[in-house]
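Here is how the chains run, residue by residue.
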Amino acid sequence: RKKCLDDVGYLDEDFNMFLEDVDMGIRCTKKGWKLHTCSGSIIYHKLHGTIGNEENADYWKEANRLMLIAKHWPEELPDALMGRGFFSVQNSLDPGRDISSVLSRVYSKILKEHGRETLDKISPVLFSSVRKIYNFEKDLFLQKLANAQDDENRLNEELNTLREQKNELALLKQQREKEILEIIRQKDREISSILHQKDREIASILEDKQNQLDCLRQLKDREISSLIERKEAELSEATESWKKELDNVSLELQKKNNDLVNLYSSSGYRYILKPMWDFLWPIKQRLRKGKNNLRLSLIKIKSNYLITRDILKKIALTSSKLLGFWSAGLLSSRFKFIYLNHLKHNTMPVMPKRLILMINKKCNLQCSFCDIPKAKDREVDLDKSAAYKAIDAASRMGLTDLIITGGEPLLHPGLFEITEYAKSRNLKVTLTSNGILIRQNIERIIKAKFAYISISIDGNEPTHDNLRNKIGAYREAAEAIILLKKHGVDTFINFVITNKNISQLEEVYRHFQKQGVTVIFFPVINKPELSSLSREQKSAFLKFIKALRSEGGLSKQEYDYLKDSVLLYLEGKKVNTRCLGLNFEFAINNKGDISPCCLWDNKKEALNRLGNIFENDLEELWFSGEFHKARKSIFQEGCRQCFNPSLSEFSKLTGLSYFAHGI
């Protein structure tokens, strides 16, 4: 079996759930291997997928059927698109069952397995088959129009029947005149009246039916025309999107191939990474085996000696911490190796994970510790097209997190469109807000499904209102937090430490901790008049963070950062710090300027504007010599008088001090 796997390869993970075994069987048969059924076998599947219901199962069966045909018989794919009608337009009212939901995966499979030439060869026929599927709905409406025509014919037949009845009455009238002339004379006026009434009723019925037919015909004509135009536009848009996606996939495959060639041919891989992997793999296996043995031992101890649940919990927690420290150390070492190697030799840089997007500088508050109200570009909003361009580049670079900030982002008219676009690119979106506009936008916020929303709280009610220069600001922010929690929106609090509110930090922290809301706190930046602390304030703060550390609410790096913030930074001592700007994260402001972080203004003029999203390609900049020079400057010289919260992240990922002292 191992020889078979070496010859044929592992399961194709592109199939997710269904038909991967069929694909494996086809590949084995092509290689000449005989197949036998093992009814009791168990297979390990990378995705560990489960199907929630039968409808999802049908979707993946049909989708993977097309994937299987695309992989082994691509020339038969156009005739196989309709299948059992699962992806027909009758089912397109459910977006998940439209043919376009699976075509991109099919195209990628053809390109991966057969190359661009095969894809170009079958694309015209494939597009023709897709067009037939989309024309299916048009045929349905034409059928409805034919049914309406049948109704019209049926009404005409009824009209002819009524006319025949009228003629029969007239004939009867003549016959009765001959037989009983005197009776007819007496009843003549009565019959004439009845006939006139019938004529009016028939005329009225005919007129109503004709009006109904005319309205129905006009309505159906408009619906059919609108539907045809919409489907043609959707087909055109989908075609363009597929073409762009194919181009992007081709470029990405070429780039990845070049990267792999460079990696495998590098001396670092041959002499460092390969030997290191050969060394670490047995250690990993032993640790995994030791972890399983420990779990079995705990179960045995619990059953034999009835050890209490608390003791077992402490033992398991200690074991997980030991394993966690080991894995965290590997991650930190890997990041540090790539990071320092890039700084020294300008090798491949660390790829970013987080983009901070400042979409505006407009704000409905005048906070005493904020410089934005004095900004010259306060009325400038980031254009949606620029935001989309930045999000596309971030998605291609593998970023996972997007933080939308301001100003007050809820004042930006395109906030929710930008958020929806980012989510379509698989980015987790966090929104920062002062909480004033949450209530009036709550329905759109719930629909947007932000990953997190941060609300600013800077003390008790009088202190917060004073620092924010608005009476009632605390009440509106607190109500916003309650409202967000009520609707299941993950929310946390940002608390800016100043000499006006540090004595209230523990009170605010404990109050919202009881409500299940996390409070993140950090020192005010570049405001000397709010920085100086009394001895009593420092002592109380250090006691509080020490208690949080013992409770497990702070990591060692976070504790050291907060301790240094009051003992060094807020004391006014000159410190230069280095962070993860241009490595783990970067920022784009409301004018499209690219910088290491959203706090970069007024620190180093040379690095305030490293590029612009309107003018530069973000991916090219990330690998450019200018960015390498900027990263080196941040590491060696650091930022003067900046103590933002990402400093603790720097220590976690690199194991280095965040105080700059050069390489």
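Given the structure is predicted, the values throughout are model-derived calculations rather than measurements. (Residues numbered from 1 in each chain as written. Predicted model: local features only at pLDDT ≥ 70, side-chain atom pairs only at ≥ 80, totals over all residues. Heavy atoms only, no water.)

**Structural notes on helix 9 (residues 384-396)**
For step 1, the next point in the chain: An ideal rise of 1.5 Å per residue puts 18 Å on 13 residues; helix 9 measures up with 18 Å between its terminal C-alpha atoms.
For step 2, the next point in the chain: Within helix 9 the residues assigned to the buried category are A386, A387, A390, I391, D392, A393 and A394.
For step 3, the next point in the chain: The inward-facing, buried residues of helix 9 abut strand 1 (354-358), strand 2 (401-405), helix 10 (415-424), strand 8 (585-588) and helix 18 (618-622).
For step 4, the next point in the chain: One or two steps after helix 9, the chain reaches G398, where phi turns positive at roughly 90 degrees. (Helix = DSSP H or I, 4+ residues; strand = E, 2+ residues; numbered from the N terminus. Expected span 1.5 Å × (residues − 1). Buried < 20%, exposed > 50% of the residue type's maximum accessible area, 1.4 Å probe, protein only. Contact = heavy atoms within 4.5 Å.)

**Some details on the side chain of K109**
For step 1, the next point in the chain: Within the secondary structure, K109 is located in helix 5 (residues 100-179).
For step 2, the next point in the chain: Under the relative-accessibility criterion, K109 is labelled buried at 1%.
For step 3, the next point in the chain: Leaving out residues up to four positions away in the same chain, K109 has contacts with D12, D14, M67 and K71.

**Remarks on the confidence of the model for the protein chain**
For step 1, the next point in the chain: Looking at the protein chain, pLDDT values average 82 and 82% of them are 70 or higher.
For step 2, the next point in the chain: Throughout residues 305-331 the model reports pLDDT below 50, and contacts reaching past four residues in sequence, or to other chains, amount to 14 contacts. (pLDDT = per-residue confidence, 0-100.)

**Digging into the pairing of strand 8**
For step 1, the next point in the chain: With burial as the criterion, each face of strand 8 is covered, one bearing E585 and A587 and the other bearing F586 and I588.
For step 2, the next point in the chain: As defined by bridge partners, strand 1 adjoins strand 8 across 4 bridges and the pair is classed as parallel. Note that in strand 8 the partner of I356 across the bridge is A587.
For step 3, the next point in the chain: In terms of strand pairing, strand 8 meets strand 9 (residues 594-595) through 2 bridges, oriented antiparallel. (Pairing = 2+ DSSP bridges.)

**A word on the sheet that holds strand 2**
For step 1, the next point in the chain: Strand order in the open sheet made by the 8 strands is 6-5-4-3-2-1-8-9, with mixed pairing throughout. Two strands bound the open sheet, and with one partner strand each, they are strand 6 (518-523) and strand 9.
For step 2, the next point in the chain: The sheet contact formed by strand 2 and strand 3 (residues 428-433) spans 4 bridges and is parallel. Bridging from a neighbouring strand, I404 pairs with L431 of strand 3.

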